[in-house]
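Architecture at a glance
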Amino acid sequence: MTAPTPPTPLINWHALGQVLATSVGLGIGLVVVFSVGVYSLSVFRRPDATAALRSVNAVLISLITLVILATGVWGFYLIIHK
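Criteria and thresholds
- Residues numbered from 1 in each chain as written.
- Predicted model: local features only at pLDDT ≥ 70, side-chain atom pairs only at ≥ 80, totals over all residues.
- Heavy atoms only, no water.
- Axes fitted to C-alpha atoms, helices over the stretch in contact; angles between N-to-C directions.
- Helix = DSSP H or I, 4+ residues; strand = E, 2+ residues; numbered from the N terminus.
- Parallel < 35°, antiparallel > 145°, perpendicular 65-115°, else oblique.
- Left-handed = near helix turned anticlockwise from the far one by under 90°.
- Contact = heavy atoms within 4.5 Å.
- Nonpolar A, V, L, I, M, F, W, Y, C, P; charged D, E, K, R; others polar.
- Patch = residues over 30% accessible without salt bridge, like charges linked within 9 Å, V, L, I, M, F, W, Y side chains within 5 Å.
- Areas by Shrake-Rupley, 256 points an atom, 1.4 Å probe, with all protein chains shown as cover.
- Salt bridge = Lys/Arg side-chain N within 4 Å of Asp/Glu carboxyl O.
- Expected span 1.5 Å × (residues − 1).
- Buried < 20%, exposed > 50% of the residue type's maximum accessible area, 1.4 Å probe, protein only.

As for the packing of helix H1 (residues 13-44) against helix H2 (residues 51-80)
Two elements in contact, H1 and H2, have axes separated by 9 Å at closest approach and are oriented at 155°. With respect to H2, the axis of H1 lies roughly antiparallel. Like other packed secondary-structure pairs, H1 and H2 cross with a definite hand, here left-handed. Touching Thr22, Leu26, Leu30, Val33, Phe34, Val36, Gly37, Ser40, Leu41, Val43 and Phe44 of H1 are Leu53, Arg54, Asn57, Ala58, Leu60, Ile61, Ile64, Val67, Ile68, Thr71 and Trp74, all from H2. In terms of residue class, the contact of H1 with H2 is made up of 16 nonpolar, five polar and one charged.

Topic: a nonpolar patch on the surface
Together, Leu20, Val24, Ile28, Val32, Val36 and Leu60 line one region of the surface with nonpolar side chains, adding up to about 510 Å² of accessible area. In terms of residue count, the dominant contributor to the nonpolar patch is H1 (five residues). Note that Leu20 resides in helix H1.

Digging into H2
End to end, H2 covers 43 Å across 30 residues, agreeing with the expected 44 Å (1.5 Å per residue, within 8%). Looking only at H2, the buried set comprises Asn57, Ile61, Ile64 and Thr71. Where H2 is buried, its residues touch H1.

Observations regarding the environment of Val36
Secondary-structure assignment places Val36 in helix H1. Taking the C-alpha atoms as reference points, Val36 and Ile61, 25 residues apart in sequence, are found 8.5 Å from one another. Here Val36 is in contact with Leu60 and Ile64, once residues within four sequence places are set aside.

If you want it as structure tokens, here you go:
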């Protein structure tokens, strides 16, 4: 006689916790990154900003745009391949 196997749980709580943590982290992170980007854009457009300050903010805006686009591409990649 074989021993009965325990039933598999209906909900994988570990995976659900990982999804929740990733969603909250990315949600808060993207809002912060976007806010920094908007602030950098406003500093870049100030008429009294120096050339050095505008250059730094232009680089920062470019990097933030790349981070936001990369996050979107990563999200689409995960959705398509799951």
